Amino acid sequence: MVTVLLFIGGVVFVAVGIALSIALHEVGHLLPAKLFKVRVTRYMIGFGPTVWSRKKGETEYGIKAIPAGGYVAMVGMYPPNPVDGSVRPSSTGMFQTLASEARTAAHEEVGPEDANRVFYKLPVWKKIIIMLGGPFVNLLIGVVLMAVLLMGFGTAQATTTLAEVNACQVAFGEPAPTDLSNCTKTPAAAAGLQPADTIKSFDGREVTDWAALTDWIRASAGKTVPLVYERAGKTISTTITPVLTARPVIGANGSAEVDSAGKPVTVQAGFLGVGPTSALVREPASAVLPAVGNNIVQVSGVVFQLPQKLLGVAQAAFSSEPRDPNGPISVVGVGRVAGEVAAMEQVPLSSRVATLTGLLAGVNLALFVFNLIPLLPLDGGHVLGALYEGARRRVAKLFKRKDPGPFDIAKLLPVTYVAAIVLMGMGALLIYADIVKPVNLFG
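All figures in this text were calculated on a predicted structure; none of them were measured in a lab.

The rules behind each value
- Residues numbered from 1 in each chain as written.
- Predicted model: local features only at pLDDT ≥ 70, side-chain atom pairs only at ≥ 80, totals over all residues.
- Heavy atoms only, no water.
- Helix = DSSP H or I, 4+ residues; strand = E, 2+ residues; numbered from the N terminus.
- Contact = heavy atoms within 4.5 Å.
- Polar contact = N/O pair within 3.5 Å; in protein donor to acceptor, adjacent residues only side chain to side chain.
- 1 Å grid on protein atoms, 1.4 Å probe; cavity = no way out; pocket = protein on both sides within 12 Å on 5 of 7 lines; lining within 4 Å.
- Points joined across faces, edges and corners; volume = space filled by probe spheres on them.
- Nonpolar A, V, L, I, M, F, W, Y, C, P; charged D, E, K, R; others polar.
- Expected span 1.5 Å × (residues − 1).
- Buried < 20%, exposed > 50% of the residue type's maximum accessible area, 1.4 Å probe, protein only.

Peer 1: Please clarify how the environment of Thr224 should be interpreted in this entry.
Peer 2: Inspection of the secondary structure puts Thr224 in the loop between helix 5 (210-218) and strand 6 (225-231). Spatially, the C-alpha atoms of Thr224 and Thr241 are 4.3 Å apart, while their sequence positions differ by 17 residues. Apart from the residues within four sequence positions on either side, Thr224 is in contact with Thr239, Ile240 and Thr241. Polar contacts involving the side chain of Thr224 include one to the side chain of Thr241, which spans 2.7 Å.

Peer 1: Just to check I follow, could you spell out empty space enclosed by the protein for this structure?
Peer 2: Rolled over the atoms, a probe as big as a water molecule pinpoints where empty space is left. Under the counting rule described, the total for this entry stands at three cavities of 30 Å³ or more. Roughly 110 Å³ of internal volume is contained in the largest cavity. Of all the secondary structure elements, the ones that give two or more residues to the lining of the largest cavity are helix 3 (124-153) and helix 10 (379-398). With four residues, the top contributor of residues to the lining of the largest cavity is helix 10. In terms of residue class, the lining of the largest cavity is made up of eight nonpolar, two polar and two charged. Taken together, Leu162, Leu193, Ile199, Phe202, Trp210, Leu213, Ile217, Leu227, Leu272 and Val274 make up the full set of residues lining the second largest cavity. Looking at the lining of the second largest cavity, the elements with two or more residues in it are strand 4 (198-202) and helix 5. A per-element tally of the lining of the second largest cavity places helix 5 first, with three residues. Of the residues belonging to the lining of the second largest cavity, the class tally is 10 nonpolar, no polar and no charged.

Peer 1: Quick question: what am I supposed to make of helix 8 (residues 331-342) here?
Peer 2: Count 3.6 residues to each turn of an α-helix, and residues three or four apart come out pointing the same way. With 12 residues, helix 8 should cover 16 Å at 1.5 Å per step; its first-to-last C-alpha distance of 16 Å lies within 8% of that length. The complete set of buried residues in helix 8 reads Gly333, Val334, Gly335, Val337, Ala338, Gly339, Val341 and Ala342. The backbone nitrogen of Val332 has a side-chain oxygen 3.2 Å away, supplied by the residue at the start of helix 8, namely Ser330.

Okay, structure coming up:
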């Protein structure tokens, strides 16, 4: 019962965190819009039927039934028809009708007093600030949460004290034998190492870092080297011979690399059969921005490889193949991971809270990257439209031509609808996969 409550608590913690992140994302659009005197008619969290709302001044603030995002409605998002200045449908063509209907909706609440308060009349730089406000807030939240994680809780780092000593040599990926009395001992077991031993030196080199020790072990296959360790305050010297066997390739992020099928990439290297303990180590403020940058690079890599990644998700969801642990997951998957973390009663509470904090930081940085994709209806698509408007106005001015006026981004609505359908399809696939074939992060 306690485990179930902890699981639910973890899900609720992250769900509330994501909801607040979305709400603050929209505040990032709302505040600069009001600063630049654009009339904002609605600030809504969610989509669908309105559950609750209250009007303050000229803006209605509310919550809708489907918690799948949010929006800020500004009057005059699209300019009038560039031909006759009309906002009413003037063509029977499908694409033209879509654009005309969008213009009509954008100007339904525009009154004579709003002549200079419509979005489309803003200078390009103001449009960009409004549209980047949302992603910037997610970036800011990610930085703050990352600072709390690294500087407050610290990160789990491997120590030079052993947590485990494997008894038998087992090929990588194979299960351990049930009969430990009749197997080939690992080099560590043969040398008499035990859990809680602290490695002091390897092959004459002082050991202060587990990653360095791992590299030395991998490079010493078949070579008998001196080893010094400490046990219960006593220093013990011995020799040990790493065996050559298949070991996973560790990437720059510290995780095992996988191939396109989601299987670990291996290499022949030295092996002892030991595992380290870990401890939370607080990091300085100077470590925060590099950590944020690394996270953004990783998320960007997933975004750039999204078609390939989604193909892998689909194959895993409809077959017996495992999910790629480094692939994309939906909000359902994030909630499941949060619940599993919170339910790990054997893990200290501070470590669980730290992991959940890091999870929320990652979600916000992912929202930052995703919303910058230059494709409508995402914020990056609006930014691209504003940049195009600025570029063509500069070109017209350079060649002393008539100012072409605001770019009619409504012309891109057919592409927007297609993109929205694709995004919804991607979301549905990820949710389905997270239900029937969730990512296994904890074995």
